[in-house]
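# Residue-level structural notes
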Amino acid sequence: MLEIWRQRLGLCTTRTDASIAEWDGIDTDAMLLARMRPWYLHLLDTAPPALLPVSEAARQCTLSQSGSSHHLILPPSDCRRVLSVKMQGWQRSVQPVGHDTPEGAALLRRLASPYARPGTGCPTAVLMADGRIAVAPVDIPVVESLRAILDSGPETYTLCPSLLDTIPTEI
């Protein structure tokens, strides 16, 4: 990835008939490395999922219960974005909505009422501020599917080649 960034910024030459001498100066590689990681994490958070690696992370999360509420606890550091959740017994998967959206606030009010709780045909998943996901209903406490975009670490960049066009062309 560093080489791709260097080429994109015009910092690489393809000449083979010249010699190279080293001198003290700006460490461009360190400067590029400091910009590459935030660029990639931003892509994981915002780029269309079809252009990124989508992983099945059901086995990496845990389900906790507090009273009548159930929450999915996501992997601590590598989960960047949850695309869909499906508990066992649900008729379909759902995309979590943020708790701070009007729809999320309405769903949380529904979860608080024993009479308005969702059923298996129209389940609910709300992404909470602490990163947990409130899910309902939970008749069988098993996560069947959790599709997410995961960060595979600072040394790995997995993405569609078309996203390379978003690399800045100026330092």
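Here the structure is a predicted model, which means the values were calculated and not measured. (Residues numbered from 1 in each chain as written. Predicted model: local features only at pLDDT ≥ 70, side-chain atom pairs only at ≥ 80, totals over all residues. Heavy atoms only, no water.)

### Section: the sheet that holds strand β5 (residues 97-98)
- Here 5 strands make up an open sheet; going across it, the order is β2-β3-β7-β6-β5 and the pairing mixed. Edge positions in the sheet fall to β2 (62-66) and β5, since each of these pairs with one other strand and no more.
- Note that β5 and strand β6 (residues 124-127) share 2 bridges and pair parallel. Its bridge partner lying in β6, G98 is registered against L127.
- Its contacts with the sheet place helix α3 (residues 102-112) against β5, β6 and β7 (133-136), and it is angled at close to 120 degrees to β6. (Pairing = 2+ DSSP bridges. Helix = DSSP H or I, 4+ residues; strand = E, 2+ residues; numbered from the N terminus. Contact = heavy atoms within 4.5 Å. Axes fitted to C-alpha atoms, helices over the stretch in contact; angles between N-to-C directions.)

### What about the pairing of strand β8 (residues 143-150)?
- Counting buried residues in β8 gives 6 out of 8 residues, a clear majority hidden from the surface.
- Judged from the 2 bridges that link them, strand β1 (residues 55-56) and β8 form a sheet pairing that is antiparallel. Within β8, the residue paired with S55 across the bridge is A148.
- Sheet analysis places strand β4 (residues 79-87) next to β8, joined by 7 bridges and oriented antiparallel. Paired with R81 across the two strands is I149, which belongs to β8. (Buried < 20%, exposed > 50% of the residue type's maximum accessible area, 1.4 Å probe, protein only.)

### Quick look at the pattern of salt bridges
- Inspection of the entire model under this criterion finds 5 salt bridges.
- The residue E144 makes a salt bridge to K86 at a minimum N-O spacing of 2.7 Å. Of this pair, E144 sits in strand β8 while K86 sits in strand β4, and the two are 58 residues apart along the sequence.
- Of the residues examined, E144 reaches a relative accessible area of 42% and is grouped as partly exposed. (Salt bridge = Lys/Arg side-chain N within 4 Å of Asp/Glu carboxyl O.)

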